[in-house]
Every structure is written in C-alpha cells, then in structure tokens.
Amino acid sequence: MAIGYKIKVVVKTSYREGYCKMKRTMKLLMLLMMVVVLVGGCAKAADEVTIAQTDDKSSETTVTDEIVTIKLFTGKVETVDLMNSLIDEFNAANPGIIVEQEFQKDASNVIKVKFASGDVPDITTVVTQDYIDQGKYLDLTNEVWWNRIDPAIRDLCTDVKSGNQYKVASNMTMAGLFYNKAIFADLGLNEPATWAEFEDNLSKIKDNDSEIAPFFMGGKDSWMLGHLIEFMAHGVIKQDLGITETKAAFLANDDTKLQFGEVGGPMESFAASIISARDKELFNSDFLTATYDNQIEAFAMGKAAVISQGMWALGGIIEMNPEMVGNIGFMPYPAIVEGTKPVILSAEDSAYAITSDSKHPEEAKKFLDFLFQADNMVKYSEFIKSPSAFEDVSADWGPIKDEVAHALAAGVHIGFTNENPSGFSGDDAGRMVQELFAGEYKTSADFATAYKEIWDKAWNASNN
Amino acid sequence: MELKNKIISKLHNFMILPAFLLFSIFFIYPLLKGIGLSLTDYDGMTKANFVGFDNFIEFFKDHRAMNDVKTTILFALGSAPLLNIFGFLYALLLDRKFVGKSIIRTIIYLPAVISPLIMGYIWYFILQPKRGFIYSLIESVSGNALDFNWLGNSSMAIWVIVIVNVWQFVGMTMVIYLAGLQAIPEELHEAGMIDGASYLQRIRYITLPMMIQPIKINVITNIIGSLAVFEIIIALTDGGPGYSTESLSIYIMRKCYGSFTGYSTAVAIVLFFIVLIPVYISFKYLNKKNVEM
C-alpha cells in the first residue's frame, strides 16, 4: 500500500510538473503567435499605408505609366515561333503594351477552362459556334481589315445566326489528297474524279509494289479521320447547298437537307467507300494505330502514294525530305456520290478573335492592326506555307502553288464544318471512322444510322 | 478556475482544426460541390439548371458509358490480380540471398518511377506494326508471318494495356511485399522447418497469414489504381479503336471538356462508388484474415 501511495504521489507530482511545463509552453506559443499576427498585421497595415501614400503621390502619373498586358492564346503550333518574333517587334515599338503568347496543344479544351475560371485571354485563335452564341467574342464586323480581305473568306468568317464577323482569318488553307507524282506517272495514272476511279488507281499502285501503302491514314489521330467526314461526307452536302445554306442546315439540324441516316445519303456513301477500300486492302495495314507523324514520314520517304492532308502538312513533308518538293501532287477528294463533283477544302485559316471579356480591346485591336500589316502577312504566309486572305499581300507561300491552283480549278470549294454540336466533335466523328474500319458496323447503313443518332443526341443536348 | 481547467483539458481537441480545415477545403467541399453539380446540366460556361437525377439516368442509358464501365472493370480484373500475383512472386524470389539481387530489384522497380504517359508512349513505339521493335524481332525470326496490329484490334488492345500496366507497376507492389516478408520473424520459419513443413506449406501457413497487412495495402491500392486508369490508355491507344479501350476516367475527362460538366461530375460520382465497393469488400474480407502478433 505504502509503495502504491508513493508511486501515486510521484505520478501526481510529475503530472503537475508536466502540466506547468505545458502551460508555460502554451503561454510562450500564444505569445509567439500574437507577435507573429501583430507583426504580420502591422506589416500589412504598413504596406497599405505605403501603397496609399504612393497612390497619393502618383495619382496623376499612374494612368500614363500603366503597362497593358495582352494575352494571346493559340492552339496553332505552326505559328508559335513566328508569332513570338512578331510579338517582340510589336512590344519594342509599343512601350505601353506587352503582348504575351500562350500556346496549348489542347487549346480548344483549355480555353473552356479559361472562360470558366475567368482567366480569359484578350486574343485567341480558338473560335467555336458555341462561344459565339454565348457572346464570348467581340463583334469585329466594322473593322477596317475587311476592306483588304477576300470576300469569300469574309463569308466563311461570318456567323450565320447574327450575320456578324467575330473572327478575322489571316490566311486560307486547302486540304485534299497529296499524291506522289512519280508513282502516278510511272503507272500512267490520272487524277480520279470518282471513288471507283480512285480505288482503281490505288489497286494498281498496290499491285505494282506491295511495300508502298496506296492510301496512308494516321488513324490513331482521330481528327484526321474526322476530316474525312468533314470533307468527303459533309462535302456532298456542302457542294449541294453552298456555304451559308449548309451552315444553316447544320445549325438547325435540318434532316431534309442533311440526310445523315439515308441510304445513298452522304454518310452511307462515305461508309461504303471506306469499307470497300478497306476490304480491298488499299489503306496502310496499321490504319488504326499509325499517327500523323507516321503518315508524313511515309509520304515524304516515298512509302505512301496518297495521303489526305491540308497545307499545314507541307512544311513537315519538305523538312523530312527536301527532295520531295517537285514530286508532290495535289488533287481534290473524288466524288463519293453519283452525280456529285470532286471537292477541295478552301477555307479560312489562322482566325483571330478578341474576347468580349478583354479589358483592353483597343490594345488588342492595335496588335491585330500590326499583325495584319501587309509586310507581316507576307512573313506569315511564307512561314506557314499557305496563301494570305489579304488581297494586298503577295507572298511566295509554297512550292506547290501551281498544283494547288490546279486542284482548286478541278474541285468544288468547300469549308470546314464549324457547326458540329458541342458534344460531337470532329474527333468523335473520327472515332466512328475508327470503329467503321475496325468492323464494328456491319453495313454502311448501320454506320449512317449510328452517325445520325449521335449527331441528333448531341444536337438535342445543345439546343434544348 | 474549474472552467479554465476544463477548457485547457479540452484544448487538444482543437489541435485537429488545421488538418480538418485542409481536409474540408480539399476534400469535403469539392465532394459536396461535385454532388451538387452532378444534379445540374452545367456545361462549364453558362448558368446551371437543376435536373435532378437525369444525369445518372442518362449515364445508365448511354451505350458508350456502359462500354467504358465494362472496359474499366475488365482492366481492373486483369490488372489488379496480376499485379499482386507477380508482385508477390517477385518478392519471394528477391527475398533470397544471391549476387546481383539489388540490381534486379532496381530494374524491376525502375519502370514504376517513370510517368505512365511516357511509359505508354515507349510501349506504343515498341508495339507499332511495321516500325516497332517487336515487329522487327518477329519479322527477323518468322519472316513477316506475324504481322499483327496488337493495339489496333478492339478485343486484344485492352489486354496489351493490362500487360504494359502490370509490367510498369509490378515493382511497386513487389517493394511492399518485400517489406512485409522482411518483417516476418525468422523463428516462425525455423519452427515450421523443425515441424517438417515444406517450402510451399510454409508460404501457405506462415508467410501468407503474416502478410495480410501488405496484401491489404497492395490489393486496395491496385484496385483504386486500376479502376482509375487513365494515362497509359491515352498513350497507348487514346481509348481506341473507336471507344473500345476508353476507360471511365477518360470518358469523364472527354465529357467534361465536351460541355457536359454536370453530367461528367455525375459519372465521376458513379466511378467513386465503382471504386468504393470492391475496396470496401476487400477491406472487410482482409480485416477478418488479420493475424495479431
């Protein structure tokens, strides 16, 4: 008992000592905290006073000394270096304005986050119908630039719903079929007008040399397959209705004009063409896993006879094999529906818009004024190897100028499909082509039905 | 005085406050906000409208979403068990004494340090038909007899992804099992050997029961990791061909960027439960098997 009692006392004493020690520590900590908070508070207060004083002193000069920062947000990797050098020139000549460029590979998605978070750029190359409808861009209809721009490009930049222009395209781009002129010449092949003639050409190429892919697609990059739908399938509608009526039909989901689900309609004919060429093994065997880079490499090195691409691919091909320059042919997409004509994409490229949330629209316009100057547009065209949209700009933009002119004369001009419902992007359409190639649709009619269903669902989600 | 003492005695309860605040800001608030968003038609830009459980109903009606659920579960069913089996076997093998053990451990663990995205691209280049290393190897051996597009085949691609994932992360699982093996007292094995237990019997009756904690950690982390798979699929197939290898995480990302923010949040909540259920079952089951030292 005595021992137990003693222990109890010892424990009690040490507890009390510990308690007092803890109390002292707590007091010290509290004191320290108070000091920190006080010092922090005072420092903040002092800062505020300093700022207030500074403001008082320079209240008149602040406005003139203010440096405006303009953020340019782009998804165009091919223009990043050129834009950086142009921006440096502009910044040097305009001390009050600093233009900063931000490039994002996934720009069309990133801008959505930017809009939602309030981190809105002043100028952007990402312009979609959804954002136009939501009033995200400044109306540029009355800007002086339009006096110098090709009227056809102005039409392509016009929002069908409002009739206004919210973007200015600095250039034009073309897309069609690049082909190896030497292979075509060796086999005595002519540019085909119909898909049947095209398949006939490809079969001859295949029979002649099994090492050469007759028609090479980088199907892992689904945007490329989405382009096939935009140009070949939608091309049927576009050549029939023209630019404005097509846009209106897409926006209204006018099935009497679009006929997406119809047998013999654009989607079914497109699917039938792809299935036919696939079954005849006219595509590269790695259609589903090859990338854009693989495609460019194969064409540049003479391992692919035909590829579907736009002018944006030209630089890469020539860089990879400069000797290819004189060997590049360019032709329209052959007609996939009887009674229609070959089509070629001739559309706006490098579109710039000013956001309506920009706090410095005048400075943003000043930068675009600078960018659209004729001498800068010459540099721009020659750099991205595509013709300028400005009529006063004469640039030596590419080594296949003549081939392009020839193709433009041979095909009906069509534009991009910018009116997709937001839940059904070009990438999504491309994934459907992947499925088609992988044999997930038993017939071309199944593909057309599925395409219509998905389009309708996305359109209803966006419009209801 | 009594009140003062009472306050002081309760003071330690407030020490949890900073942690609770952080937890609230970074977990509870986003979770509640997510639940709220999942009941709206928010598109990431315009005003959100309350739609009740429409997003959840839509999810179960969406053919693509159901395919993604199937793909995700298939991936987890392939990946999680293989990671554990091979991780455990590697650990058993490398728990022995032999020359070069450390080098082999490092080699097996090394891929886990590299980003799954980079690893996925490396494997993509290895597996590419016509250009990849494996194609060249097979071509040199069989003379072009096996010209097969592993990643371009809808039903095979998912298993290729499983193998690459297991190859990459087996080292991580192995390290945890190794730590568990080394914590087992040597005396237990010695006692087993004296009792005449064979090597397999010692694994069955001594090693495995003593490894419940590492097994629990590995099973649960592998289930979570496998059901939330994202990067390796993006790099290897981008979810294709079509949507055949698209996981639920990729679907959520694509829907979120495709102006369906409310809907994608609803899918994220469904994914949360898809992960939670097997984790809870595994946790409960393995808790029952716990051995106390």
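Residues numbered from 1 in each chain as written. Chains lettered and ligands numbered in written order. Predicted model: local features only at pLDDT ≥ 70, side-chain atom pairs only at ≥ 80, totals over all residues. Heavy atoms only, no water.

Points about the packing of aromatic side chains
Stage number 1. Throughout the structure, instances matching the rule amount to 39 aromatic pairs over all chains.
Stage number 2. Seen in terms of ring centroids, B:Phe23 and B:Phe27 are 5.1 Å apart; in terms of plane orientation they differ by 25 degrees. Their pairing is stacked. Taken together, the residues span about one helical turn, with B:Phe23 and B:Phe27 both in helix H2 (residues 17-38) at a distance of 4 residues.
Stage number 3. For B:Phe23, a relative accessible area of 44% translates into the label partly exposed.
Stage number 4. B:Phe27 sits in the partly exposed class, given a relative accessible area of 38%.
Stage number 5. Residues B:Phe53 and B:Phe56 carry aromatic rings whose centres are separated by 6.0 Å and whose planes lie at 55 degrees to one another, so their mutual orientation is tilted.
Stage number 6. Classification of B:Phe56 by relative accessible area gives buried; the value is 17%.
Stage number 7. Grouped by ring-pair contacts, the aromatic residues A:Phe250, A:Phe260, A:Phe270, A:Phe424, A:Tyr441, A:Phe447, A:Tyr451 and A:Trp455 constitute a single cluster.
Stage number 8. Across from the ring centre of B:Tyr199, 5.2 Å away, lies the NZ or CZ of B:Arg96, which sits over that ring.
Stage number 9. When the ring centre of B:Phe283 is taken as origin, the NZ or CZ atom of B:Lys216, which lies over that ring, is 5.0 Å away. (Phe/Tyr/Trp six-rings, centres within 6.5 Å; stacked < 30°, edge-to-face > 60°. Helix = DSSP H or I, 4+ residues; strand = E, 2+ residues; numbered from the N terminus. Buried < 20%, exposed > 50% of the residue type's maximum accessible area, 1.4 Å probe, protein only. Lys NZ or Arg CZ within 6 Å of the ring centre and 35° of its normal.)

Here's the deal with the domain arrangement of chain A
Residue and element names in this part refer to chain A.
Stage number 1. Assigned domains of chain A: these are domain 1 (67-172 + 349-384) and domain 2 (174-347 + 401-463).
Stage number 2. Look at where the C-alpha atoms of domain 1 and domain 2 centre, and you get two points 29 Å apart.
Stage number 3. Buried area between domain 1 and domain 2, both sides added, is near 1100 Å², and the carbon and sulfur share of it is 62%.
Stage number 4. When the buried surface of domain 1 facing domain 2 is broken down by residue, Leu 156, Val 160 and Met 172 rank first, second and third, together holding 49% of it.
Stage number 5. The interface formed by domain 1 and domain 2 contains 0 salt bridges.
Stage number 6. Between the two partners, domain 1 and domain 2, sit 2 residue pairs in polar contact (both at pLDDT 80 or more). (Domains from an automatic or database assignment. Buried area = accessible area lost by both parts, 1.4 Å probe. Salt bridge = Lys/Arg side-chain N within 4 Å of Asp/Glu carboxyl O. Polar contact = N/O pair within 3.5 Å; in protein donor to acceptor, adjacent residues only side chain to side chain.)

Examining the side chain of A:Asn321
All names here are of chain A.
Stage number 1. Tracing the sequence through the fold places Asn 321 in the loop between helix H14 (314-320) and strand S7 (328-331).
Stage number 2. On the accessibility criterion, Asn 321 (18% relative accessible area) is buried.
Stage number 3. In contact with Asn 321, other than residues within four places in its own chain, are Ala 300 and Met 301. (Contact = heavy atoms within 4.5 Å.)

Topic: the interface of chain A and chain B
Stage number 1. Contacts between chain A and chain B engage 32 residues on the former and 39 residues on the latter.
Stage number 2. The largest share of the area that chain A buries against chain B comes from A:Lys112, A:Lys220 and A:Arg431, three residues that together contribute 25% of it.
Stage number 3. Viewed at the interface, chain B and chain A are joined by 4 salt bridges.
Stage number 4. Its salt-bridge partner being B:Glu58, residue A:Lys457 comes within 3.2 Å of it at the nearest N-O pair.
Stage number 5. Where chain A packs against chain B, one counts 12 residue pairs in polar contact (both at pLDDT 80 or more).

A few points about H2(B)
Since the α-helix packs 3.6 residues into each turn, any two residues three or four apart lie on the same face.
All names here are of chain B.
Stage number 1. With 22 residues, H2 extends 29 Å from end C-alpha to end C-alpha; this agrees with the ideal 32 Å at 1.5 Å per step.
Stage number 2. Among all positions in H2, only Ser 24, Gly 34 and Ser 38 are buried.
Stage number 3. Summarising the contacts, the buried residues of H2 are in contact with helix H3 (54-61) and helix H14 (261-288). (Expected span 1.5 Å × (residues − 1).)

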